[in-house]
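Report on the structure
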Amino acid sequence: MNLRDTIVALATPAGRSGLGVVRLSGQQATVVAAQLTGARDAGQWTPRRATLAQLRDADGDAVDQVLLTWFRAPHSYTGEDVVEIACHGSPVVLRFCMEAALGAGARLAGPGEFTLRAFANGRIDLPRAEAVRDLIESTTLYQAKIASQQADGSLARQTRPIKEQVLALIAQLEAGIDFAEDATSEIDIPASSLILGSLSSPETALRRMAESYSYGRMVQEGVRLAIVGRPNVGKSSLFNALLQQDRAIVTEIPGTTRDVVSERMAIGGLPVQLMDTAGIREGTDVVESLGIQRTYAAMADADLTLVVLDLSQPVTEEDLRLLGQAHAAGPHLVAGNKCDLPRRAATPCALCEVSATTLAGVETLREAIREALLPAEGAAVDQALVTNARHANLLRQAADALAKGMQAARDGLPHELLLIDCYSCLQALDELTGATTADDILNRIFNSFCIGK
Ligand SMILES: Nc1nc2c(ncn2[C@@H]2O[C@H](COP(=O)(O)OP(=O)(O)OP(=O)(O)O)[C@@H](O)[C@H]2O)c(=O)[nH]1
Ligand SMILES: [Mg+2]
């Protein structure tokens, strides 16, 4: 990919729409745009101001009236000259505009190439570039909000003071080593206690950021929630009630659901993959047994399990066994369904009383699900939330390096060894922001973008 070419892409989705935006970036962006609109050069456009222009074909005939905006280098998204041409959103007009731009010397942009150029030109660091992609891909408003905070550079803002603390210690240690042989030197060699002190708070901060990924992953990738229980307790009914959609088949025949039925929804801003499963019981036909195997698999894969009991029936051995299994599997909630009917169940544990029929308690259950998914420390996590596995790994590496350094200081090892740990912490942090990231990793990141961004 030659980053000196002038590139063009459709910045809006293909198809018919009110407007469609063609975006140009590179040294020749204004020349290409001028050629498309029959202008002599960019001289008649004011940067950052929309200008009315005619998109013209080779004969000079007007094809569309467009609004053209020129962002003069380096004050643009990519850091290069950028021209955005807002055409009417007719596929033929947009195709013509693209082809004319290609004919005038522009090249089709690769996926994420505009953002890659912004990164290459030092306009944004790597986490911000990745956040732009996440913002575009977001499916809930909460996801978008988190991504937009990150696109604002929040990760770099949080790691910068940590990096400075580590750098300060490196400077002290380096000076100490250089002057150690010189007995008359005035430079103090930092004591172990001092080193431990200056490493412990950056280590804690990095560790906390890395750990926020367990929640951040759910924000980014969504949560799997499996609804399990005996046959006929009302799992499918509850599934439909939560979805507010008549999605799964409900009958009074036990063993109605035979396969995992899943549907996406949002709870508390988190994308949730809700899974209705086959009721668990013994001694049934082959199809149902296979379905039950899938129930166990869904439960094992789930981030949260919702065990459903039927409050109008006495609690059975099977209920208790399932509660035990859910408990062993990890985070779980219990719903006592059919609370509209006379109650015959003793309560074996804390549960949310609901009725999938009257919808009583469904909102409370939804709230309980939201709370069960919330991170332990509460909502304060927003600011420091890490939603990207690459970031979490590097933050963990950086924290581990500091922990190793602290151990070295405690063991009274030579400062040369401690320095190695400090440098490997810095290296992880540099890789995080893209200061020293290998090309293949960059390619992998930018290839996951859509064209035109
Ligand atoms: N009165 C009352 N009936 C309910 C309630 N929820 C479900 N039912 C009834 O219970 C029966 C079973 O409901 P389903 O949702 O199919 O139960 P299920 O747990 O999915 O059953 P399987 O798929 O067979 O495992 C149906 O006749 C529902 O109408 C409730 O809250 N109150
Ligand atoms: Mg069912």
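Definitions and cut-offs
Residues numbered from 1 in each chain as written. Chains lettered and ligands numbered in written order. Predicted model: local features only at pLDDT ≥ 70, side-chain atom pairs only at ≥ 80, totals over all residues. Domains from an automatic or database assignment. Helix = DSSP H or I, 4+ residues; strand = E, 2+ residues; numbered from the N terminus. Buried ≥ 20, exposed ≤ 12 C-beta atoms within 10 Å, placed from the backbone. Contact = placed C-beta atoms within 7 Å. Near = placed C-beta within 6 Å. Nonpolar A, V, L, I, M, F, W, Y, C, P; charged D, E, K, R; others polar. Pairing = 2+ DSSP bridges. Expected span 1.5 Å × (residues − 1). Arc of directions from axis to C-beta. Axes fitted to C-alpha atoms, helices over the stretch in contact; angles between N-to-C directions.

This part takes up the domain arrangement of the protein chain. Accessible area lost during the coming together of the parts is what is often quoted as the interface size. Looking at the protein chain, the domain boundaries give domain 1 (7–124) and domain 2 (219–373). On a C-alpha basis, the centroid separation for the pair domain 1 and domain 2 is 52 Å.

For Leu24, the location among the structural elements is in strand β2 (residues 17–25). Note on Leu24: 28 C-beta atoms within 10 Å, which makes it buried. With 17 residues separating them along the chain, Leu24 and Ile7 place their C-alpha atoms 5.6 Å apart. Contacts of Leu24, omitting those with residues within four sequence positions, involve Thr6, Val8, Ala29, Val32, Ala33, Val82, Val83, Ala101 and Ala106.

Looking at ligand 1, there are 23 residues lining it, with Gly234, Ser236, Ser237, Thr257 and Gly279 nearest. Across the shell around ligand 1, the residue classes tally to 6 nonpolar, 13 polar and 4 charged.

Below, the discussion takes up the sheet that holds strand β4 (residues 62–71). In spatial order, the strands read β3-β4-β5-β2-β1-β6; together these 6 strands make up an open sheet with mixed pairing. Since the sheet does not close on itself, it has two edges, and those belong to β3 (50–56) and β6 (107–108), each with one partner.

In a regular helix each residue adds 1.5 Å, so 16 residues correspond to 22 Å; helix α10 (residues 286–301) covers 23 Å between its end C-alpha atoms and thus fits that length. Every buried residue of α10 is listed here: Gly291, Ile292, Thr295, Ala298 and Met299. Around the axis of α10, the buried residues are gathered within 115° of arc, so they sit on the same side. Summarising the geometry of α10, the exposed residues directed more than 90 degrees from the buried face are Val286, Gln293 and Ala300. On its buried face, α10 is in contact with β7 (223–229), β9 (270–276), β10 (304–310) and α11 (317–329).

The next subject is the sheet that holds strand β11 (residues 332–337). In space, the 6 strands of this open sheet follow the order β8-β9-β7-β10-β11-β12, with mixed pairing throughout. At either margin of the open sheet sits one strand with a lone partner, and together these are β8 (261–267) and β12 (352–353). Bridging between β7 and β10 involves 5 bridges; their strand directions are parallel. Within β10, the position partnered with Gly229 by the bridge is Val308. In the packing of α11 onto the sheet, the strands contacted are β7, β10 and β11, and the crossing angle to β10 comes to about 165°.

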